[in-house]
Amino acid sequence: LQNVRIDPNSISFKMWRDVPVPFYMSVYFFEVLNPKQVLQGAKPVLNQHGPYVYREFRYKTNITFHDNDTVSFLEYRKLFFQPELSNGREDDYIIVPNILMMGAAVMMENLPNFVKILLSGALAGLKQEAFMNRTVGEIMWGYEDPLIDAINMIVPGMIPFKGKFGLLVELNNSNSGLFTVNTGMKNISEVHMVDSWNGLKEVTLLSTSVVLLNYWRSRGCNMINGTAGEMWPPFMSPTSLDFYSPDACRSMTLVYEQSGKFQGVPTYRFVAPKTLFANGTDYPPNEGFCPCRESGIQNVSTCRLNAPIFISHPHFYNADPVLLDAVEGLHPNKDQHALFLDVHPLTGIPMNCSIKLQLNLYIKQVSGIIQTGKIKPVVLPLLWFAESGSIEGSVLKQFYTNLVLIPSLLDYLQYICLGLSIPLIISAAVLTAMSQRPPRHPTTQSKPPPSSSETTPLLHDAAAPSQDDAEA
């Protein structure tokens, strides 16, 4: 338990600061095979590409201990492409929706017609279309697009950033915000539990008037619960666990599924319940995450610059069949698309994990913007990724030795000692009983009476005179 705490003097502190577990991020893209037909109202046909695999290194900086048994830190991620593990290269070209253009069109749907017509003219001048053919690297890590400046000129502040646009540009060489968590020095049951994120107890956004507004519509949905997703308090029960995900802008609860072993180490497996991305109708506690569509997707537009972005499980696993029927080419499968965490219950340390999420863009025909054609409303998958890691090598060997092998040997040893002690206890009891018996002394009462055959001759010899005496 001393090593579970966040203590700079413990042997595990360096492992907590510089995570030694090899993490990999595998990214899969959905290419649209029939973009021209989709513009005419046809159902999108998708083809999955990948995986494009990245080695992920995590390390903490700005580590500051506080007097209230907490520590603050920034955790950074660095990603390095692994061509030998990938099925494709970053320079592969694929056809996907023009994310900026289609997202802006939906965002502007309720604006006056003259504004939309103005944008449509600007799009024509920039030769922007509903679908684009770009490389995997550009879609992930960013590309220069004059559309950003054009949109901000027509609707100032709609896209409050400059430079490159990429779906995962914020993941590489960046941190996930300032976490403040409990160290467990005073209360081990609180170790790793989040005290605040970016100084906040609830998730909020900063408006232009410098007024803090909640991301979601209920206090429960805005609460920052659980840990930062790295470790949990020890002595876990087979019920559920919570963690806060900055990528999803919310806390998530996973539920216990089964007990098992990872490389000989006992674990609890936790998985996502079907209610995780359910809408408010199917699961009322999720009403705060609305406006909602079908169950199985979550609208994250409030924390994604109001862009019509939805998150889900890959391939709409565990989602409303309506979402699956709206496109072709998806094949949801639990083994491939369900997330899980295998945690050692005694220490709260994850032994094996795979967190999977899918990014989706809501697209449709928007009147006044001719580039949107006759596209039928659809939540269109863009990509999904899995962040996976497991303890291995010397770390696993040390973990197994200290937490499995030695305790097992101690258990066997106590039975061996117990087995050896039983004969000794019995022998000691016998000796004690014998030592407490009274000594035996010979007495006349105890001597057996002599038999007649033994006494008669002796009495005869003593009383009768001999033959010589008689003659005398």
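Bear in mind that the values here come from a model prediction, so they are computed numbers and not experimental data.

Caption draft 1: The arrangement of the overall build of the protein in detail. Helix and strand counts for the protein come out as twelve helices and 17 strands. The burial tally for the protein puts 47% of its 472 residues in the buried class. Counted over contacts in the protein with a minimum sequence separation of 6, partners at least 24 positions apart contribute 64%. Summing over all exposed atoms, the protein offers an accessible surface of approximately 25100 Å²; the carbon and sulfur share of this is 57%.

Caption draft 2: Fine view of empty space enclosed by the protein. One pass over the structure, following the stated rule, counts three cavities of 30 Å³ or more. Its boundaries defined by the atoms lining it, the largest cavity holds a volume of some 80 Å³. Considering each element in turn, the lining of the largest cavity owes the most residues, three residues, to strand E13 (residues 297-299). Of the residues belonging to the lining of the largest cavity, the class tally is eight nonpolar, four polar and two charged. The space that makes up the second largest cavity amounts to roughly 50 Å³.

Caption draft 3: Up close: helix H3 (residues 99-107). In terms of residue burial, H3 counts as a mostly covered element, since eight of its nine residues are buried. Every buried residue belonging to H3 is among Ile-99, Leu-100, Met-101, Met-102, Gly-103, Ala-104, Ala-105 and Val-106, and all of these are buried. Buried residues belonging to H3 abut strand E4 (93-97), helix H4 (113-125), strand E5 (131-135), helix H6 (147-154), strand E16 (349-363) and strand E17 (378-390).

Caption draft 4: Summary view of the pattern of salt bridges. Under the counting rule described, the total for this entry stands at 16 salt bridges. Residue Glu-387 pairs with Arg-77 through a salt bridge whose shortest N-O separation is 3.3 Å. Within this pair, whereas Glu-387 is found in strand E17, its partner Arg-77 is found in strand E3 (residues 70-81), the two being separated by 310 residues in sequence. Its relative accessible area of 10% is what places Glu-387 among the buried residues. Residue Arg-77 is classed as buried on the basis of its relative accessible area, which comes to 12%. When the shortest N-O distance is used, the salt bridge between Arg-89 and Asp-91 registers 3.2 Å. For Arg-89, a relative accessible area of 54% corresponds to the exposed category.

Caption draft 5: Up close: the nonpolar core. Counting 117 residues, the largest nonpolar core has Met-25, Val-27, Phe-29, Met-140 and Leu-241 as the members making the most contacts within it. When near neighbours in sequence (up to four residues on either side) are disregarded, Met-25 contacts Tyr-52, Val-53, Tyr-54, Glu-56, Leu-79, Met-140, Trp-141, Leu-168, Leu-171, Phe-385, Ala-386 and Glu-387.

Caption draft 6: Main features of H6. Burial of H6 is extensive: six of the eight residues sit out of reach of the surface. Turning to H6, its buried residues are Leu-147, Ile-148, Ala-150, Ile-151, Asn-152 and Ile-154. On its buried face, H6 is in contact with H3 and H4.

Caption draft 7: Summary view of the packing of aromatic side chains. Tallying each qualifying case throughout the model produces 19 aromatic pairs. Between Tyr-54 and Trp-141, the aromatic rings sit 5.6 Å apart at their centres with planes inclined by 80 degrees, giving edge-to-face as the arrangement. In this pair, Tyr-54 sits in strand E2 (residues 46-65) while Trp-141 sits in helix H5 (residues 136-141), placing the two residues 87 residues apart along the sequence. The class for Trp-141 is buried, based on a relative accessible area of 19%.

Caption draft 8: Structural context of the side chain of Ser-354. Its place among the elements puts Ser-354 in strand E16. In this structure Ser-354 comes out as buried when scored by relative accessible area, which is 6%. Filtering out sequence-adjacent residues up to four positions away, Ser-354 remains in contact with Leu-339, Phe-340, Ala-386, Glu-387 and Ser-388.

Caption draft 9: Up close: unusual backbone geometry. At the junction of Gly-50 and Pro-51, the peptide bond is cis and its omega measures out at 10 degrees in the coordinates. Look at Lys-127: it is not a glycine, yet its phi comes out positive at around 60 degrees. Here Lys-127 shows up in the loop between H4 and E5. A residue is classified by how much of its surface remains accessible, and Lys-127, at 74% relative accessible area, is exposed. We note that Asn-318 has phi near 65 degrees; this positive angle belongs to a residue other than glycine.

Caption draft 10: Quick peek at the confidence of the model for the protein. Averaged over every residue, the pLDDT of the protein is 85; residues scoring 70 or more account for 82%. Across residues 206-212, where pLDDT falls below 50, the model places seven contacts with residues more than four positions away in sequence or in other chains. Here residues 408-415 scores under 50 on pLDDT; set against residues more than four positions off or in separate chains, the count is zero contacts.

Caption draft 11: Fine view of the state of the cysteines. Counting across every chain of the model gives two disulfides. Each sulfur in the disulfide pair Cys-290 and Cys-292 lies 1.9 Å from the other. Its S-S torsion of approximately -90 degrees makes the covalent link between Cys-290 and Cys-292 left-handed. Taking relative accessible area as the criterion, Cys-290 reaches 9% and is therefore assigned buried. Ordering the disulfide-forming cysteines of the protein by sequence position, one finds them joined as 1-4, 2-3. Free cysteine Cys-221: the closest other cysteine sulfur is in Cys-290, separated by 8.4 Å. Looking at Cys-221, the relative accessible area reads 5%, which means it is buried.

How each quantity is defined
- Residues numbered from 1 in each chain as written.
- Predicted model: local features only at pLDDT ≥ 70, side-chain atom pairs only at ≥ 80, totals over all residues.
- Heavy atoms only, no water.
- Helix = DSSP H or I, 4+ residues; strand = E, 2+ residues; numbered from the N terminus.
- Buried < 20%, exposed > 50% of the residue type's maximum accessible area, 1.4 Å probe, protein only.
- Contact = heavy atoms within 4.5 Å.
- Areas by Shrake-Rupley, 256 points an atom, 1.4 Å probe, with all protein chains shown as cover.
- 1 Å grid on protein atoms, 1.4 Å probe; cavity = no way out; pocket = protein on both sides within 12 Å on 5 of 7 lines; lining within 4 Å.
- Points joined across faces, edges and corners; volume = space filled by probe spheres on them.
- Nonpolar A, V, L, I, M, F, W, Y, C, P; charged D, E, K, R; others polar.
- Salt bridge = Lys/Arg side-chain N within 4 Å of Asp/Glu carboxyl O.
- Core = buried A, V, L, I, M, F, W, Y, C linked by side-chain atoms within 4.5 Å.
- Phe/Tyr/Trp six-rings, centres within 6.5 Å; stacked < 30°, edge-to-face > 60°.
- pLDDT = per-residue confidence, 0-100.
- Disulfide = S-S within 2.5 Å.

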